[in-house]
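# Descriptive analysis of the structure
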Amino acid sequence: MARDWRELFIVDGLAPAPAEDEAAGGEKRIGRFRRLRESLRKTRQALQTEIQATLFEDLSDETWERLEEALIYADVGAQTTAKVVAQLEQEAAEQKLTGGQQLSDRLVELLTEIARTGEDTIDLRAHPTVILVAGVNGTGKTTTLGKLAWHLSKELDRKVVLAAGDTFRAAAVEQLEQWAQRAGVGFVKGGLGADSASVAFDAIAAARRDDADVVLIDTAGRLHTQDNLMAELAKVRRVITKQIPEAPHETLLTVDATTGQNGLRQAQAFSETIDVSGLVLTKLDGTAKGGVVLAIAQRLNIPIRFVGVGEDTEDFGIFNAQEFVSAMLKTGAGEGADPRAP
Ligand SMILES: Nc1nc2c(ncn2[C@@H]2O[C@H](COP(=O)(O)OP(=O)(O)OP(=O)(O)O)[C@@H](O)[C@H]2O)c(=O)[nH]1
Ligand SMILES: [Mg+2]
């Protein structure tokens, strides 16, 4: 599983990381994991009491019920929960799981398997590579692209163009322009109310002209139930594909983690219209419903690419199933009773 930018993105012409960066990279990783753990605190606390309880108890019907309730509360989803708990129950019946600690470790393992879906890398070797973002209003599309532009430019030395495909509001264009300035990347916009497909067209043309590596295209927020707006999104995609048959190379959907199971319905509807290739789970800070990632991963089999844990450039990371599930389930020091602690 990818853990840093150089592992997630396949790029050409990138100088190897200097040796002294290795240690710094390790520290960064630890810092990122700490932030992820911190942002999953509420989800973890929701699960913790129940899981800790199973560590003491003999496995009984009540244990399984409590575990089910906890997972559902964390928005892991009824179907995913049922599948996982049935598997644990069966393994316990076969005497494969004897103590609560084994159960807890196996739970982490099963949830990690579920969270791990599909391709683990994003290929940026096409010039330009086109990445389109879509999602419901306010789910974090513009912020995600701004953060992504920053990381691609600073960490991977890519020449990036941000395209203001949200032409509905002047403020949306300004917001993206600020991100472009902050990241020091190119910026393409159209007139207010312009056809958003034409902005995408212009941005790709500009990227070709200026030999840019990546084009990131923002779109206006829309509800997955608004048919006319969903049709417009499909048109943006078609116009991109007309210019470059393989594009968009990546279509990201932003899902606001605080919306819980509704995020699953959104993901379902968007993926029917625009063939979503990756998910970005935003606003994981401040929700107890981080488990929705697992529901989406299991039901739709769309890989989760990134997580957003705040509003700043650094509050953004590559999704790593193992790290995520550990951060969601495993109790750390100072977070309440840990029966394993001496
Ligand atoms: N706490 C937190 N806030 C976030 C995160 N991602 C985005 N936000 C905030 O959520 C709000 C909406 O983010 P935008 O990026 O504007 O969302 P959008 O999808 O582009 O919104 P529309 O263009 O209006 O549909 C902003 O105030 C962001 O700063 C995150 O991961 N955590
Ligand atoms: Mg926006």
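By convention here, each chain's residues receive numbers from 1 onward along its written sequence. All chains are assigned letters beginning with A, and all ligands numbers beginning with 1, in the order in which they are written. Local features in this predicted model are restricted to residues of pLDDT 70 or higher, and side-chain atom pairs are both shown and tallied only at a pLDDT of 80 or more, whereas totals for entire chains, interfaces and linings draw on every residue. Side-chain metrics in this entry use all non-hydrogen atoms of the structure; hydrogen atoms and water are not considered.

Once that is clear, we can look at the pairing of strand 9 (residues 304-308). Within a regular strand, the side chains alternate between the two sheet faces. Most of strand 9 is tucked away, with 5 of its 5 residues classed as buried. One ladder, built from 3 bridges, connects strand 8 (residues 278-282) with strand 9; its direction is parallel. Residue pairing across strands places Leu279 opposite Ile304, the latter belonging to strand 9. Read as a crossover between parallel neighbours, the route from strand 8 over helix 12 (residues 292-300) to strand 9 is right-handed. Of the pairings in the sheet, the one linking strand 9 to strand 10 (residues 316-318) comprises 3 bridges and is antiparallel in character. Within the sheet, the bridge partner assigned to Gly308 lies in strand 10 and is Phe316. Think of it in three bands: residues with accessible area under 20% of the maximum for their type are buried, residues over 50% are exposed, and the middle band is partly exposed, with areas taken using a 1.4 Å probe on protein chains only. For the purposes of this entry, the term helix denotes a DSSP run of H or I that reaches at least four residues, the term strand denotes a run of E that reaches at least two, and both are numbered from the N terminus. Two strands make a pair as long as DSSP finds a minimum of two bridges between them. A clockwise course of the path from the first strand over the helix to the second, judged with the strands pointing away from the viewer, identifies a crossover as right-handed.

Glancing now at the pattern of salt bridges. Any Lys or Arg side-chain nitrogen located within 4 Å of an Asp or Glu carboxyl oxygen qualifies as a salt bridge. Counted under the stated rule, the structure contains 13 salt bridges. Of the charged contacts in the structure, one is a salt bridge between Arg158 and Asp12, with a shortest N-O distance of 3.9 Å. Of this pair, Arg158 sits in the loop between helix 7 (141-156) and strand 4 (160-163) while Asp12 sits in the loop between strand 1 (9-10) and helix 2 (19-39), and the two are 146 residues apart along the sequence. Owing to a relative accessible area of 7%, Arg158 belongs among the buried residues under this scheme. Between Arg41 and Glu38 there is a salt bridge whose closest N-O contact spans 3.0 Å.

Once that is clear, we can look at the packing of aromatic side chains. The geometry of an aromatic ring pair comes down to the distance between the two centres and the angle between the two planes. Between rings of Phe, Tyr and Trp, where Trp is taken as its six-membered ring, a pair exists when centres lie within 6.5 Å; planes separated by under 30 degrees are stacked, by over 60 edge-to-face, and by other angles tilted. The tally for this structure, following the rule as stated, stands at 6 aromatic pairs. For the ring pair Trp5 and Phe306, a centre distance of 6.0 Å and an interplane angle of 25° mean the geometry is stacked. Taken together, the residues span a long stretch of sequence, with Trp5 in helix 1 (residues 5-8) and Phe306 in strand 9 at a distance of 301 residues. The pair formed by Trp5 and Phe306 is uniform in burial state, with each residue classed as buried. Judged by centre distance (5.0 Å) and plane angle (20°), the ring pair of Phe306 and Phe316 falls under stacked. With a gap of 10 residues between them, Phe306 in strand 9 and Phe316 in strand 10 connect regions that are remote in the sequence.

Inspection of the region around ligand 1 gives 19 residues, with Lys141, Thr142, Thr143, Asp285 and Glu311 positioned closest. Counting of polar contacts relies on pairs of N or O atoms within 3.5 Å, with two restrictions inside protein: one atom must be capable of donating a hydrogen and the other of accepting it, and residues adjacent in sequence are counted only when both atoms are side-chain atoms. Here Thr139 contributes a backbone N or O atom positioned 3.2 Å from an oxygen atom of ligand 1. Between ligand 1 and Lys141 there is a distance of 2.7 Å, counted from an oxygen atom to a side-chain nitrogen or oxygen. Using a 1.4 Å probe, accessible areas were evaluated by the Shrake-Rupley method; residue-level cover was limited to the displayed protein chains. The protein chains hide 79% of the 650 Å² of surface that ligand 1 would expose on its own. Here the shell around ligand 1 gets 4 residues from one element, more than from any other, and that element is helix 7. For each residue, the test is whether any non-hydrogen atom lies within 4 Å of the molecule or strand; if one does, the residue is near.

What follows concerns the pairing of strand 4. Burial along strand 4 is two-sided: the face carrying Val160 and Leu162 and the face carrying Val161 and Ala163 are both buried. Two elements, strand 4 and strand 6 (residues 214-217), share 4 bridges in a ladder whose sense is parallel. Looking at strand 6, one finds that Ala163 is bridged to Ile217. Here strand 4 pairs with strand 5 (residues 186-188) via 3 bridges, running parallel. By the bridge assignment for strand 5, Ala163 is matched with Val188. This β-α-β element, strand 4 to helix 8 (residues 170-183) to strand 5, shows right-handed connectivity.

This brings us to the side chain of Thr313. Within the secondary structure layout, Thr313 lies in the loop between strand 9 and strand 10. Using a relative accessible area of 7% as the deciding quantity, one classes Thr313 as buried. Throughout, a residue-residue contact means that at least one pair of heavy atoms, one from each residue, lies within 4.5 Å. Excluding residues that lie within four positions of it along the chain, Thr313 makes contacts with Lys147, Trp150, His151, Trp179 and Arg182.

Attention now goes to the sheet that holds strand 4. Two pairing modes exist for strands in a sheet, parallel and antiparallel, and in both the strands are linked by backbone hydrogen bonds. Spatially, 5-4-6-3-7-8-9-10 is the arrangement adopted by the 8 strands of the open sheet, whose pairing is mixed. For this open sheet the edge positions go to strand 5 and strand 10, each flanked by a neighbour on one side alone. Between one strand axis and the next, the sheet turns by 20° as a mean value, whatever way the strands run. Its contacts with the sheet place helix 10 (residues 227-243) against strand 3 (129-135), strand 6 and strand 7 (250-256), and it is angled at close to 180° to strand 3. Whenever a helix is involved, its axis is fitted only over the stretch in contact; in every case the axis is a line through C-alpha atoms, and angles between N-to-C directions fall within 0 to 180 degrees.

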